[in-house]
Amino acid sequence: MTDKGTGGSPETGSSPYDEPTLQMRRTRSSRLETEDDLDFDGSSVGGGAHAAPTEQMYRPDTTGAHTPDSFGPATGVDQRAPKARRGTLDLGLLILRLVVGATLIAHGLQKLVGLWGGPGLDGFEQLLREAGYQQPRILAIAGAVGETAAGALLVLGLLTPLAAAAVVAIMINAVLYKHNLEPGVQYFASERSGFEYEVLLAATAVALTLTGPGRIAADGPRKWATRPFLGSFVALLLGVAAGVCLWLFAR
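Okay, so let's go over this structure. Just so you know, these numbers come straight off a predicted model, no measurement behind them.

Considerations on helix 9 (residues 230–249)
Owing to its 3.6 residues per turn, the α-helix aligns residues three or four sequence positions apart on the same side. Taking 1.5 Å of rise per residue, the 20 residues of helix 9 would be expected to cover 28 Å, and the 28 Å separating its terminal C-alpha atoms lies within 8% of that figure. Those residues of helix 9 that fall on the buried side of the exposure criterion are Ser232, Ala235, Leu236, Gly239, Gly243 and Trp247. All buried residues of helix 9 lie within an arc of 100° about the axis, which places them on one face of the element. Opposite the buried face of helix 9, at more than 90 degrees from it, the exposed residues are Leu230, Leu237, Leu238, Leu248 and Phe249.

Overview of the packing of helix 3 (residues 89–113) against helix 4 (residues 120–130)
Closest axis-to-axis distance for the helix 3/helix 4 pair is 4 Å, and the angle between their directions is 95°. With respect to each other, helix 3 and helix 4 are oriented roughly perpendicular. Contact residues: helix 3 offers Gln110, Lys111, Leu112 and Val113, while helix 4 offers Gly120, Leu121 and Phe124. By residue class, the composition of the contact of helix 3 with helix 4 is four nonpolar, two polar and one charged.

A few points about the environment of Ala144
Along the chain, the position of Ala144 falls in helix 5 (residues 136–156). Here Ala144 falls in the buried class, since its relative accessible area comes to 0%. Between the alpha carbons of Ala144 and Ile170 there is a distance of 9.9 Å; along the sequence they are 26 residues apart. Not counting residues up to four positions away in its chain, the partners in contact with Ala144 are Gly108, Lys111, Leu112, Leu121 and Phe124.

Observations regarding the nonpolar core
Of all hydrophobic cores here, the largest spans 16 residues; its most connected members are Leu104, Leu154, Val167 and Met171. Contributing elements (two or more residues each) for this core: helix 3, helix 5, helix 6 (160–181) and helix 7 (196–211). Setting aside chain neighbours within four positions, we find Leu154 in contact with Arg97, Val100, Gly101, Leu104, Thr160, Ala163, Ala164, Val167 and Leu208. Counting 10 residues, the second-largest nonpolar core is a separate cluster that includes Leu121, Ala140, Trp247 and Ala250.

A few points about the packing of aromatic side chains
Tallied over the entire structure, the rule returns three aromatic pairs. With a centroid separation of 5.6 Å and 75° between ring planes, the pair formed by Tyr187 and Phe188 is classed as edge-to-face. Ring pairing ties together the aromatic residues Tyr187, Phe188 and Phe195, which thus form one cluster. It is Lys111 that lies over the ring of Phe124; its NZ or CZ is 5.8 Å from the centre. The ring of Tyr133 carries the charged tip of Arg251 above its face, separated from the ring centre by 6.0 Å.

The rules behind each value
Residues numbered from 1 in each chain as written. Predicted model: local features only at pLDDT ≥ 70, side-chain atom pairs only at ≥ 80, totals over all residues. Heavy atoms only, no water. Helix = DSSP H or I, 4+ residues; strand = E, 2+ residues; numbered from the N terminus. Expected span 1.5 Å × (residues − 1). Buried < 20%, exposed > 50% of the residue type's maximum accessible area, 1.4 Å probe, protein only. Arc of directions from axis to C-beta. Axes fitted to C-alpha atoms, helices over the stretch in contact; angles between N-to-C directions. Parallel < 35°, antiparallel > 145°, perpendicular 65-115°, else oblique. Contact = heavy atoms within 4.5 Å. Nonpolar A, V, L, I, M, F, W, Y, C, P; charged D, E, K, R; others polar. Core = buried A, V, L, I, M, F, W, Y, C linked by side-chain atoms within 4.5 Å. Phe/Tyr/Trp six-rings, centres within 6.5 Å; stacked < 30°, edge-to-face > 60°. Lys NZ or Arg CZ within 6 Å of the ring centre and 35° of its normal.

Following this line, the structure appears as structure tokens:
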């Protein structure tokens, strides 16, 4: 604007409205200029829980009182498998081992030293010779000692799968021998060629191989003594194979 009284020159004390744009050039700082303004360190109001959410994540308890293995992740219910109760199983296996083992010891000593009216080693050798076995002397010693030793191991519950497998091999040969005496199947033990007794001993040996000796045994602390699996099947197959091979190739 010009002043008419001064010949058109501007007044020295002009109003701020003469140049309004000069009064609007104030710098305004942005509220989001720096990282401090963005509050990346979580120091703003309510920033403790929202600024760093990953720090609030669940951390598993390492004290042992609540672990994923023992409790469910959400319910907190104990999911561990309950310990199996064996009840009278171990006592039953002990009785079975004692009876079968003592019977085998008695029959082994009959063959080995002639106790309780047994044939003795010479009589057992003669019996094997008549049955057609080769090397009857060696087989008589091995059979008598093996039967006695297997019975003792069953009583102790020591190396039970191997001892029971040896009994299976011996009883297979006893059954085949009696079956060879007379044609046909004579099952009952009252008959001359009856093999009822041998089958019963073989069945108990197979059962002990598959079940294990139980906890009341020298093998009790071993896992396979109470929960046998693959090793017991292998021992049983070895016993059957040894009995069949002895009958086929030693005669």
